[in-house]
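Read off the chains here:
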Amino acid sequence: MLCNTICSSNFGGFPDLQTIAQTLATKHLETSMKFLMMSTQFSNWKTQRNGFSKLFDSLSDSTFNDAVNIIQYMAKRGGRLNNFKVELGTNQNYNISEIDALAQAVDVEKGLAKEILEVTNTNAQVDSAFAHFLVDEVSEKHVDRIHILTGHVNNLWKVIFPHRNSENTRGFVIHMFDTKVLG
């Protein structure tokens, strides 16, 4: 028997979660753009920190792919993007030190991971398939990125701290970290 209504793969509690899914996708795209801007900060002619640039490019690509995965999951479940808009932070200063940029990236990744965890915990009863998707396909990647970034922050801080008052030595240490660890 044919349906008299429009056929859709939208079922379960997902219709109530579409706005949340769209918000998560938007935040991932905004974060991707932020990481891309941070990457350009380190790849200019003056700074020339290609390892840092490559790291932030990789972070940008990863968060962009997470956004695409969320949007594809929405489409798979019959969802749509409504009034989809990505805001780029034009007021933000990306002219920051290497260690501050890494620390900021850790904070951003932790913020996204925390938000996904909250969505998962509060909505697992509403739609367990969506919660399962977020944990398996998005949250685990954030955990891996946080682990890598915190390792970089800790390692860089350990080698910079003894030389914090010597600008030449500090610059050399950052250069070595950029080329040998990140490069």
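Remember, predicted model here, so these are calculated numbers, not experimental data.

Each value, and the rule that gives it
Residues numbered from 1 in each chain as written. Predicted model: local features only at pLDDT ≥ 70, side-chain atom pairs only at ≥ 80, totals over all residues. Heavy atoms only, no water. Phe/Tyr/Trp six-rings, centres within 6.5 Å; stacked < 30°, edge-to-face > 60°. Patch = residues over 30% accessible without salt bridge, like charges linked within 9 Å, V, L, I, M, F, W, Y side chains within 5 Å. Areas by Shrake-Rupley, 256 points an atom, 1.4 Å probe, with all protein chains shown as cover. Salt bridge = Lys/Arg side-chain N within 4 Å of Asp/Glu carboxyl O. Lys, Arg positive; Asp, Glu negative; His and termini not counted. Charge placed at Lys NZ, Arg CZ, Asp CG, Glu CD. Helix = DSSP H or I, 4+ residues; strand = E, 2+ residues; numbered from the N terminus. Buried < 20%, exposed > 50% of the residue type's maximum accessible area, 1.4 Å probe, protein only. Expected span 1.5 Å × (residues − 1). Contact = heavy atoms within 4.5 Å. Axes fitted to C-alpha atoms, helices over the stretch in contact; angles between N-to-C directions. Parallel < 35°, antiparallel > 145°, perpendicular 65-115°, else oblique. Left-handed = near helix turned anticlockwise from the far one by under 90°. Nonpolar A, V, L, I, M, F, W, Y, C, P; charged D, E, K, R; others polar.

This part is about the packing of aromatic side chains. Under the definition given, this model contains eight aromatic pairs. Among the aromatic side chains, those forming a connected cluster through ring pairs are Phe 35, Phe 42, Phe 52, Phe 56 and Phe 177.

There is a patch of like negative charges on the surface, built from Asp 136, Glu 137, Glu 140 and Asp 144. On the secondary structure map, Asp 144 appears in helix H4 (residues 128-160). You can call Asp 144 partly exposed: its relative accessible area is 47%.

Here helix H2 (residues 50-76) spans 38 Å end to end across 27 residues, near enough to the 39 Å set by a 1.5 Å rise per residue. Just downstream of H2 lies Gly 78, where phi reads positive at about 85 degrees.

Here we take up a nonpolar patch on the surface. On the surface, Leu 81, Phe 84, Val 86 and Leu 88 cluster together into a nonpolar patch covering about 310 Å² of accessible area. Residue position: Leu 81 is located in the loop between H2 and helix H3 (98-123).

On to the side chain of Asp 66. Inspection of the secondary structure puts Asp 66 in helix H2. In this view, Asp 66 contacts His 28, Glu 137, Val 138, Lys 141, His 142 and Arg 145; residues no more than four positions away in its chain are not counted.

Turning to the packing of H3 against H4, a few remarks are in order. Contact pair H3 / H4: the axes reach a minimum separation of 9 Å and the direction vectors enclose 155 degrees. With respect to their mutual orientation, H3 and H4 come out roughly antiparallel. With respect to the hand of their crossing, H3 and H4 are arranged in left-handed fashion. Residues of the contact of H3 with H4, tallied by class, amount to 19 nonpolar, five polar and four charged.

Per the stated rule, a full pass over the model turns up six salt bridges. Between Asp 127 and Arg 77 there is a salt bridge, and its shortest N-O distance comes to 2.6 Å. One end of the pair, Asp 127, is in the loop between H3 and H4; the other, Arg 77, is in the loop between H2 and H3, with 50 residues separating them in the sequence. By sharing partners, the salt bridges in this structure join Asp 66, Glu 109, Lys 141 and Arg 145 into a single network.

Bringing unusual backbone geometry into the picture now. The residue Gln 48 is not glycine, and still its phi comes out positive at about 50 degrees. For Gln 48, the location among the structural elements is in the loop between helix H1 (14-42) and H2.

Worth remembering: the numbers are spatial, not functional.
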